[in-house]
Amino acid sequence: RPRVGVLALQGAFREHRARLEALGAEVTEVRLPGDLAGLSGLVLPGGESTTMARLMGEFGLWAPLRDFHAAGGHLWGTCAGAILLAREVQGAPPQFGHQDSLALLNVTVQRNAFGRQIDSFTTDLQVQGLDAPLPAVFIRAPAFARVGEGVTVLATHQGQVVAAQQGRVLATAFHPELTGDLRLHELFLNSLRRLETA
Ligand code: GLN
């Protein structure tokens, strides 16, 4: 049974938790560095990346999350979570100037690449590794404007990269936890199972 965490500072962490549990994973809500102990994977949910980044600072999570990755942990960021994983963030609110990120995925992410809240949409997305299209919910979604060395593009929409992977880091611009289609969660858990039996 894979042991997986969900970063539970803000955003859609309960939905991720429910999906992962439905697939048989043992799920821990991560708020403090100590919560990462014994986990093989961590999901960073959608929500508001600037808020999450601030809370990550307050809870002392930046270095522990990088250590978790360096120690072999798998990470999956969805929407705001994907922004947190990127090497570089574009479109931070002007009062921030620069937006901190974990820099574990060699991409430049553009926030709100598909427009504002009212421009949110659902589409069937062809994702590499899945045999049939995946229903994908985009809510003020980012896109990966620059994809650097070592990064594999897993899906595009309207010419923009919306899913990418680099080693143990997976990032999707959309919200797979808001549909009943659990194939991406399954894919993530399978990568952890391979890790645990290795
Ligand atoms: N636009 C949000 C951000 O930049 C992400 C939106 C989402 O996670 N649905 O944090």
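Residues numbered from 1 in each chain as written. Predicted model: local features only at pLDDT ≥ 70, side-chain atom pairs only at ≥ 80, totals over all residues.

J.: It is not clear to me how the overall build of the protein should be interpreted in this structure. Could you clarify?
T.: Helix and strand counts for the protein come out as 5 helices and 12 strands. For 198 residues, the compact-globule estimate of 2.2 N^0.38 gives 16 Å, and the C-alpha radius of gyration of the protein, at 15 Å, lies within 12% of that figure. Across its three principal axes, the protein shows a C-alpha extent of roughly 40 × 40 × 30 Å. Out of the 198 residues in the protein, the part that is buried amounts to 44%. Considering only contacts within the protein whose residues lie at least 6 apart along the sequence, 66% involve residues at least 24 apart. (Helix = DSSP H or I, 4+ residues; strand = E, 2+ residues; numbered from the N terminus. Rg over C-alpha atoms; globule rule 2.2 N^0.38 Å. Buried ≥ 20, exposed ≤ 12 C-beta atoms within 10 Å, placed from the backbone. Contact = placed C-beta atoms within 7 Å.)

J.: How do you make sense of the site of the ligand when you look at a structure like this?
T.: Inspection of the region around the ligand gives G46, G47, E48, S49, C79, A80, I83, R111, N112, I139 and R140 as its neighbouring residues. Along the lines of polarity and charge, the residues of the shell around the ligand split into 4 nonpolar, 4 polar and 3 charged. (Near = placed C-beta within 6 Å. Nonpolar A, V, L, I, M, F, W, Y, C, P; charged D, E, K, R; others polar.)

J.: Is there a simple way to think about the UniProt feature "binding site: L-glutamine" (unreviewed entry) in the protein in this case?
T.: This chain's UniProt record puts "binding site: L-glutamine" (unreviewed entry) on G47, E48, S49, R111, I139 and R140. Taken together, the annotated residues stretch across 94 residues yet fold into one region, lying no more than 12.8 Å apart by C-alpha. Tracing the backbone shows G47 in the loop between β3 (41-44) and α2 (49-58). Judged by C-beta crowding, with 22 C-beta atoms within 10 Å, G47 ranks as buried. Those residues in contact with G47 that lie beyond four places of it in its chain are Q10, G11, A12, M52 and A80. With respect to the helices and strands, the residue I139 is situated in the loop between β8 (134-138) and β9 (143-147). (UniProt positions renumbered as here; feature names shortened; annotations may be inferred.)

J.: Looking at this structure, how should I read the UniProt feature "active site" (unreviewed entry) in the protein?
T.: The UniProt record marks C79, H175 and E177 with the feature "active site" (unreviewed entry), using the residue numbering of this structure. A compact arrangement is adopted by the annotated residues: their sequence extent is 99 residues, whereas the largest C-alpha distance between any two is 10.9 Å. Mapped onto the secondary structure, C79 falls in the loop between β4 (74-78) and α4 (80-85). On the secondary structure map, E177 appears in the loop between β12 (169-172) and α5 (183-197). C-beta crowding within 10 Å serves as the criterion here: with 24 such atoms nearby, E177 is assigned to the buried category. Contacts of E177, omitting those with residues within four sequence positions, involve A12, E15, H16, R19 and T78.

J.: Please explain unusual backbone geometry as it appears in this structure.
T.: Residues apart from glycine generally show negative phi values, whereas peptide bonds are mostly found in trans. Positive phi, normally seen in glycine, also occurs at N112, with a value near 50°. Considering the arrangement of structural elements, one finds N112 in the loop between β6 (105-110) and β7 (121-125). Positive phi, close to 50°, is recorded for Q158, a residue that is not glycine. Topologically, Q158 is positioned in the loop between β10 (152-157) and β11 (160-166). Given 9 C-beta atoms within 10 Å, Q158 falls into the exposed group.

J.: For this particular structure, what's the right way to read the nonpolar core?
T.: One recurring pattern in soluble globular proteins is that nonpolar side chains are buried together. Counting residues in each nonpolar core, the largest one holds 60 residues, and the members touching the most others are L42, L85, L105, A164 and A173. When residues in this core are grouped by element, the largest group, 5 residues, is from α4. Setting aside residues up to four positions removed in sequence, L42 forms contacts with V4, G5, L7, V30, F68, G73 and L75. (Core = buried A, V, L, I, M, F, W, Y, C linked by C-beta atoms within 7 Å.)

J.: Is there a simple way to explain α2 in this structure?
T.: Because each turn of an α-helix spans 3.6 residues, side chains separated by three or four positions in sequence point in the same direction. Taken residue by residue, α2 has S49, M52, A53 and M56 as its buried positions. Across the axial projection of α2, the buried residues extend over an arc of 100°, all falling on one side. The exposed residues of α2 that point more than 90 degrees off its buried face are G57 and E58. Buried positions along α2 lie against α3 (62-70) and α4. (Arc of directions from axis to C-beta.)

J.: So what exactly am I meant to see when it comes to the pairing of β4 here?
T.: On a regular strand, each side chain points to the face opposite its neighbour's, so the side chains alternate between the two faces of the sheet. Along β4, 5 of the 5 residues are buried, which leaves the element largely enclosed by surrounding structure. Neither face of β4 is left uncovered, since the one carrying H74, W76 and T78 and the one carrying L75 and G77 both have all their residues buried. Pairing analysis gives 4 bridges linking β3 to β4, with the strands arranged parallel. When the bridges of β4 are listed, V43 appears paired with W76. (Pairing = 2+ DSSP bridges.)

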